[in-house]
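Topology and contacts: notes
In case you want the letters, here they are:
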Amino acid sequence: MEPAAPMSTAPASAIKRESVELRTRRLAAARRRATALLGAVTILFVVVTAVGVHGTLLSYVQAGAEAAMVGGVADWFAVTALFRHPLGLPIPHTAVIVERKDQFAATLGQFVQENFLNGDVLAERLGSAHLASRLADWLTNRDNAARFAGHAADMVVRAADGLRDEDVQRVLTEELTRAADSVEVAPLAGRIVRVIIAGGHHSELFDTITSGTDRYLADHYEELRDRFEAEAPRWVPDMVYGRAFDRLYARLRERLAAMAADPEDETRKQFEGWIAGLPDRLETSPELRERGDNIKREILGSALLRDWSSSLWKSAKETLRIQAADPESELRRRLADALAAGGRRLGSDPALQESLERVVESGARALADQFHDELAGLVTGTIQRWDAEQTSSQLELLLGRDLQFIRINGTVVGAGVGLALHAIAMALA
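Another aspect to go through is the overall build of the protein chain. Helix and strand content of the protein chain: 19 helices and zero strands. Expected size for 429 residues packed as a compact globule is a radius of gyration near 22 Å; at 47 Å, the protein chain overshoots this value by more than 25%. The dimensions of the protein chain, computed from C-alpha atoms along their principal axes, are 160 × 55 × 40 Å. Sorting the 429 residues of the protein chain into buried and exposed places 29% on the buried side. Looking at the protein chain alone, contacts between residues at least 24 apart form 75% of all its contacts between residues at least 6 apart.

Here it is in C-alpha cells:
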C-alpha cells in the first residue's frame, strides 16, 4: 500500500521502480549516517569534557560539539515522533501519523476538495491547457484518427455485445409495429401508384405482366397440358382434347405477344384506364382501406416480422464486429476520415474552439459542483481505511530517507549555532 505521494527529490518514475527492500536498505543507510554523525559529536563532546577544557580552541570545540549534539538529538526526536513514540515512551504529541491518521485523512480530503475539485480552479486549468486546439492538432494526424476510430469501433462492438439479443429484437419489433400502426396501407399504396403513373412506368408494368405470363406458359407447357387433359370428359378422345389444348395454348401466346407489341391494343388501354383510377379507389374506398389494414395487422402479428427483426439485428451486429476488427474496413476508414475532417475544421475555426472549450469548462464545473463532496469523501474514506501502523511504516519508507538528512542538517546547524553563541559569549566576557 502506498498511502502518500512521494516527496523525495528523485523522479516519480524512478520511485515507482524501487522495491520495498531497496527502500528499506536506503532508509537504514541514511539512518546509520545520521546516527553515526550524532555519535561522533557526542564522543567528541565527552572526550573534550573529560580531559578538561584548556585553551580557547578546545572551548570552541566543546561548545560546537555540545550544540551539535543537542541539535542532532532534537531533530532525531522530531523525526522519530512523526512515525512512532521515541524510545517507546508514550510522550504526548508523538507517533503523530499513527495517532492522527483519521484527522489527516479529513484534512487531506478537504484540501483536495478546496484546491483541486473547485470549479474555478478546474476552469482556469482547462483554459490554460488549450484543449480544443490540441485536440484539433491530434485529430488531424491520420494515424491518431485511425487509432481513435479503431477504439471507437471496438467500444461500439462491446456495447452491442452487452445487449441481449432478445431485448433488442423486442424493441425493434415494437418500434416497427408502432411506426406501421400510424400508416394507412391503402392510401400509401395509392400514392405509390400515382408516382408510378406520373413516371410513365405503368406501361412497363403491363409489358412485365404480359412477358411474365408468356414466360410462365412456355416453361409449364407439359404441366398445363396434363392438367387440361385430366379435366377432359372420358368420352372425349385424348387426341381431340390435346389438339384443342395446343390450339388454345398457341392462340393465348399469340395474343400476349400482340398485346406486348401494340401500344394501341385494347387490352392495354383497358389496363391503363383501370390503373389510372386505382389511386383514387385506394385513397377513398372504405373497403380497400379495411382490406389494407387487415393485411397490415396480419403481417405485424406474424412470426415472420419477429424473425426478420431478429435476423436484422444479428446481421447488423455481425457486420459491425467484422468491420471493427478490420483496420482497412469501410467503417473504420469512414470514421477516421470523419475524425480527421473534424480536427481540420476545429483547427481552422476559432469560434468552434471557443465553443468547445466553453462546453468542457461548463461540464467540469458541473462535475465539480455535483461530485466534489463524493470525491473528497473517497480520499478521506480510503485513508481512514488504511491500517495506522502500516500507513506510518509505508510513509517512513517513502519519506524517511529524506528526513534523516534533517537529522544531519540539525547536527551541523547546531554545531554552527553553538560556535556562534560561544564566540559571542567570549567577545562579551
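All right, on to the packing of aromatic side chains then. The tally for this structure, following the rule as stated, stands at three aromatic pairs. Judged by centre distance (6.2 Å) and plane angle (85°), the ring pair of tryptophan 138 and phenylalanine 148 falls under edge-to-face. Within this pair, whereas tryptophan 138 is found in helix H7 (residues 131–140), its partner phenylalanine 148 is found in helix H8 (residues 142–162), the two being separated by 10 residues in sequence.

Let's shift gears to the nonpolar core. In this structure, Val193, Phe206, Leu217, Phe245, Tyr249, Leu256, Met259, Phe271, Ile275, Leu278 and Leu282 together form the largest nonpolar core, which totals 11 residues. For this core, the secondary-structure elements that each account for two or more residues are helix H11 (202–219), helix H13 (238–261) and helix H14 (266–284). Residues within four places of leucine 217 in sequence aside, it is in contact with Leu224, Tyr249, Leu252, Arg253 and Leu256.

Time to look at the packing of helix H2 (residues 20–51) against helix H19 (residues 388–428). Helix-helix packing: each pair is described by the crossing angle between the helix axes and the interaxial distance. Two elements in contact, H2 and H19, have axes whose closest approach is 9 Å; the angle formed by their N-to-C orientations is 15°. Relative to H19, the element H2 is oriented roughly parallel. You can see that H2 and H19 cross each other, and the crossing is left-handed. Here the contact of H2 with H19 is built from residues that sort into 12 nonpolar, five polar and seven charged.

Turning next to H19. The terminal C-alpha atoms of H19 lie 52 Å apart, and with 41 residues this falls more than 12% below the ideal 60 Å at 1.5 Å per residue. A maximum bend of about 60° is found in H19 at glycine 400.

The next subject is a nonpolar patch on the surface. Residues Val413, Val417, Leu421, Ile424 and Leu428 make up a contiguous nonpolar surface patch of about 510 Å² in total accessible area. Its location among the elements puts leucine 428 in helix H19. For leucine 428, a relative accessible area of 72% puts it in the exposed group.

Right, let's talk about the side chain of glutamine 353 for a bit. By the element assignment, glutamine 353 lies in helix H18 (residues 350–385). For glutamine 353, a relative accessible area of 16% corresponds to the buried category. Beyond its immediate stretch of four places on either side in the chain, glutamine 353 contacts Ala132, Ser133, Leu346 and Gly347.

Rules used in this analysis
Numbers given for residues are sequential positions, taken from 1 along each chain in its written order. At least 70 in pLDDT is required for a residue's local features to be given in this predicted model, at least 80 for side-chain atom pairs to be given and counted, and no such filter applies to totals for whole chains, interfaces and linings, which use all residues. The basis for every side-chain value is the complete set of non-hydrogen atoms in the structure, without hydrogens or water. Strands here are runs of E lasting at least two residues and helices are runs of H or I lasting at least four, both read from the DSSP assignment and numbered beginning at the N terminus. Here the globule rule reads 2.2 Å times residues to the power 0.38, and the radius of gyration is calculated from C-alpha atoms. Burial here depends on accessible area, computed with a 1.4 Å probe over protein chains only, as a share of the maximum for the residue type. Under 20% is buried, over 50% is exposed, and the range in between is partly exposed. By definition in these notes, contact holds between two residues if any of their heavy atoms fall within 4.5 Å. Stacked, tilted and edge-to-face are the three classes assigned to paired rings of Phe, Tyr and Trp, where Trp is represented by its six-membered ring and a pair needs centres within 6.5 Å; plane angles under 30 degrees give stacked, over 60 edge-to-face, the rest tilted. Only buried residues count toward a nonpolar core. Its members are Ala, Val, Leu, Ile, Met, Phe, Trp, Tyr and Cys residues joined through side-chain atoms within 4.5 Å. Axis definition: a line fit to C-alpha positions, over the contact stretch in the case of helices; interaxial angles, taken between N-to-C directions, run 0 to 180 degrees. An angle counts as roughly parallel when it lies under 35 degrees, as roughly antiparallel when it exceeds 145, as roughly perpendicular when it falls between 65 and 115, and as oblique in every other case. Two helices that cross are described as forming a left-handed crossing if the nearer one is turned anticlockwise from the farther one by less than a right angle, and a right-handed crossing if clockwise. Three residue categories are used. Nonpolar comprises Ala, Val, Leu, Ile, Met, Phe, Trp, Tyr, Cys and Pro, charged comprises Asp, Glu, Lys and Arg, and polar comprises the others, including Gly. The span you would expect from a helix comes to 1.5 Å times its residue count less one. To obtain the bend at a residue, axes are fitted to the seven residues ending there and to the seven starting there, and the angle between these axes is taken. Think of a patch as exposed residues, more than 30% relative accessible area, with no salt bridge, where like charges cluster within 9 Å and nonpolar side chains (Val, Leu, Ile, Met, Phe, Trp, Tyr) cluster within 5 Å. Accessible areas in this description were obtained via Shrake-Rupley with a 1.4 Å probe; residue shielding takes into account the shown protein chains only. Salt bridges are counted wherever a side-chain nitrogen of Lys or Arg sits within 4 Å of a carboxyl oxygen of Asp or Glu.

The quantities given are spatial measurements derived from coordinates; they are silent on function.
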